[in-house]
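Here's the letter readout for the chains.
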Amino acid sequence: MSNRRQFLQALTALSSLLMTSCGWKLGNVRSGTTSSSDQMYIYTWTQYSDQELLDAFLAQTGIKVLVDVYDSNEVMLAKLLAGGANAYSLIYPSDYMVQKMQAQGLLIELNNDRLIGLDQLFPQFQNPTYDPNNRHSIPFNWGTTGLIYNSAILKDAPEDWDYLWQNQKNLNKRITLLNDVREVMGAVLRMLGYSYNSKDENQIKQAYEKLLELKPAIAAFDTDAWQNQILAGDLTVAMCYSVDALKVTKENPQLKYIIPRSGSSLWTDTIVIPKTVSNIEGAYAWINFILQPEVASVLSKRMNIATPNSAVFEQLPEEVKNNQNLFPSPSLLENCERITPLGDIEDLYERYWTQLTSN
Ligand SMILES: NCCCCNCCCN
């Protein structure tokens, strides 16, 4: 991504943050001088923390945690680059975003001597491709991206992404797609027989044009609001992350989650410490707290976190371990692909994304 584009994106992000009256506000910017050792700010995805977790951490360490949330890696990065995230001691980027942030010098190298329990991670989480030897990130949750649908309304279950195009008329304005450029463009690339990480301009254009075809039927590009809408019966199908699908399907078992047949994305969300960290002691204390088997196990059961910790996994109740939406079998994952950074061609993805999602 060019510096100029990055700067403009950062500027746009900052001004929209200044103007918006909901979510994160400029008032949330805490200068280094106001931070103290007994409180800390975390920037994460929705549903990755709750009051019980924050209370347990406070009870254990005496540190009060305040949480702000984002709904895409790109929003988080833009805010960080705009200087609007200096207060955060911890951030939860996904795999490819760890690589991007690391390449831009935004992350501290973790001191493994200060971390307890890394040896309990499943082998594939001890040396991930996006961050060899977990030098800058600790895996927190992993999952897939797929479709959730209301089985009380759709008699034929969707099996692949192309279901949306084939049923576009019936599903008019009852579909949402994620507000996530790489996930949405990637899914369509995959449906067309290409890779999530295509660098081929013609393939990327085809994906954009396919999405333009579907656009009239799309109610919104959104990452979180679909949950209440599908529960209320206002949506029939939504593109979503497995962790969120699990929460919603527990509330209404007629809602079903599928990993599309032609392939989907397999992601890992992690915890990193940004270079601008204001409470480094607190940051390490939080990571160690999350790595504690008792905490990780509660997170799996209460928040549907797919634990990367093998010891914790072994102790989970059978019905949690066997939940294919939470821990999909290797055969289901065979077709999934991990999103990777793409360099300058990401500008093209962004351009198409802006055209698609604006107006
Ligand atoms: N509400 C939690 C959603 C977490 C989703 N992970 C993002 C993966 C992006 N590729």
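Above this text is the structure in question.
Quick caveat, the model's predicted, so the values are computed rather than measured. (Residues numbered from 1 in each chain as written. Predicted model: local features only at pLDDT ≥ 70, side-chain atom pairs only at ≥ 80, totals over all residues. Heavy atoms only, no water.)

Caption draft 1: Structural context of the packing of helix α8 (residues 201-214) against helix α16 (residues 346-357). Interaxial distance between α8 and α16 falls to 10 Å at its minimum, and their mutual angle equals 15°. Considering the angle they form, α8 stands roughly parallel to α16. The crossing of α8 and α16 is right-handed. Residues Glu201, Ile204, Lys205, Tyr208, Leu211 and Leu212 of α8 form the contact with α16, whose participating residues are Leu348, Tyr349, Tyr352, Gln355 and Leu356. Its residues placed into classes, the contact of α8 with α16 shows eight nonpolar, one polar and two charged. (Axes fitted to C-alpha atoms, helices over the stretch in contact; angles between N-to-C directions. Helix = DSSP H or I, 4+ residues; strand = E, 2+ residues; numbered from the N terminus. Parallel < 35°, antiparallel > 145°, perpendicular 65-115°, else oblique. Left-handed = near helix turned anticlockwise from the far one by under 90°. Contact = heavy atoms within 4.5 Å. Nonpolar A, V, L, I, M, F, W, Y, C, P; charged D, E, K, R; others polar.)

Caption draft 2: Looking closely at the layout of surface pockets. Of the voids in this model, the second largest pocket is the one considered here, and its volume is about 350 Å³. Lining the second largest pocket are 18 residues, with Phe122, Gln124, Phe125, Trp142 and Leu333 sitting closest to its centre. Of all the elements in the fold, those that place two or more residues in the lining of the second largest pocket are α5 (123-126), β9 (266-271) and α15 (330-333). Across the lining of the second largest pocket, the residue classes tally to eleven nonpolar, five polar and two charged. (1 Å grid on protein atoms, 1.4 Å probe; cavity = no way out; pocket = protein on both sides within 12 Å on 5 of 7 lines; lining within 4 Å. Points joined across faces, edges and corners; volume = space filled by probe spheres on them.)

Caption draft 3: Examining the pattern of salt bridges more closely. Under the definition given, this model contains 14 salt bridges. Two residues, Arg135 and Glu109, come together in a salt bridge whose shortest N-O distance is 2.7 Å. Placement of Arg135 in the loop between α5 and β4 (138-150) and of Glu109 in the loop between α4 (95-103) and α5 is noted, with a sequence separation of 26 residues between them. The class for Arg135 is partly exposed, based on a relative accessible area of 28%. You can call Glu109 partly exposed: its relative accessible area is 48%. One salt-bridge network, held together by shared partners, links Asp50, Glu52 and Arg302. (Salt bridge = Lys/Arg side-chain N within 4 Å of Asp/Glu carboxyl O. Buried < 20%, exposed > 50% of the residue type's maximum accessible area, 1.4 Å probe, protein only.)

Caption draft 4: Quick look at α8. The first and last C-alpha atoms of α8 sit 20 Å apart over 14 residues, in line with the 20 Å expected at 1.5 Å per residue. The complete set of buried residues in α8 reads Gln203, Ile204, Ala207, Tyr208, Leu211 and Leu214. Down the axis of α8, the sector holding all buried residues measures 140°, keeping them to one side. Among the structural elements, α6 (163-166), β5 (175-177), α7 (181-191), β6 (218-221) and α16 are those in contact with the buried residues of α8. The opening residue of α8, the one whose side-chain oxygen lies 2.8 Å from the backbone nitrogen of Asn202, is Asp200. (Expected span 1.5 Å × (residues − 1). Arc of directions from axis to C-beta. Polar contact = N/O pair within 3.5 Å; in protein donor to acceptor, adjacent residues only side chain to side chain.)

Caption draft 5: Summary view of the packing of aromatic side chains. Per the counting criterion, the structure on display carries 17 aromatic pairs. On the basis of an interplanar angle of 75° and a centroid distance of 4.9 Å, the ring pair of Phe57 and Trp286 is categorised as edge-to-face. Of this pair, Phe57 sits in helix α2 (residues 51-61) while Trp286 is found in helix α11 (residues 280-291), placing the two residues 229 residues apart along the sequence. As far as burial versus exposure is concerned, Phe57 and Trp286 are alike and both buried. Taking 4.4 Å as the distance between ring centres and 15° as the angle between the ring planes, the aromatic pair formed by Tyr208 and Tyr352 counts as stacked. Residue Tyr208 is found in helix α8, and its partner Tyr352 is found in helix α16; the two are separated by 144 residues along the sequence. Taken as a pair, Tyr208 and Tyr352 share a single burial class, namely buried. (Phe/Tyr/Trp six-rings, centres within 6.5 Å; stacked < 30°, edge-to-face > 60°.)

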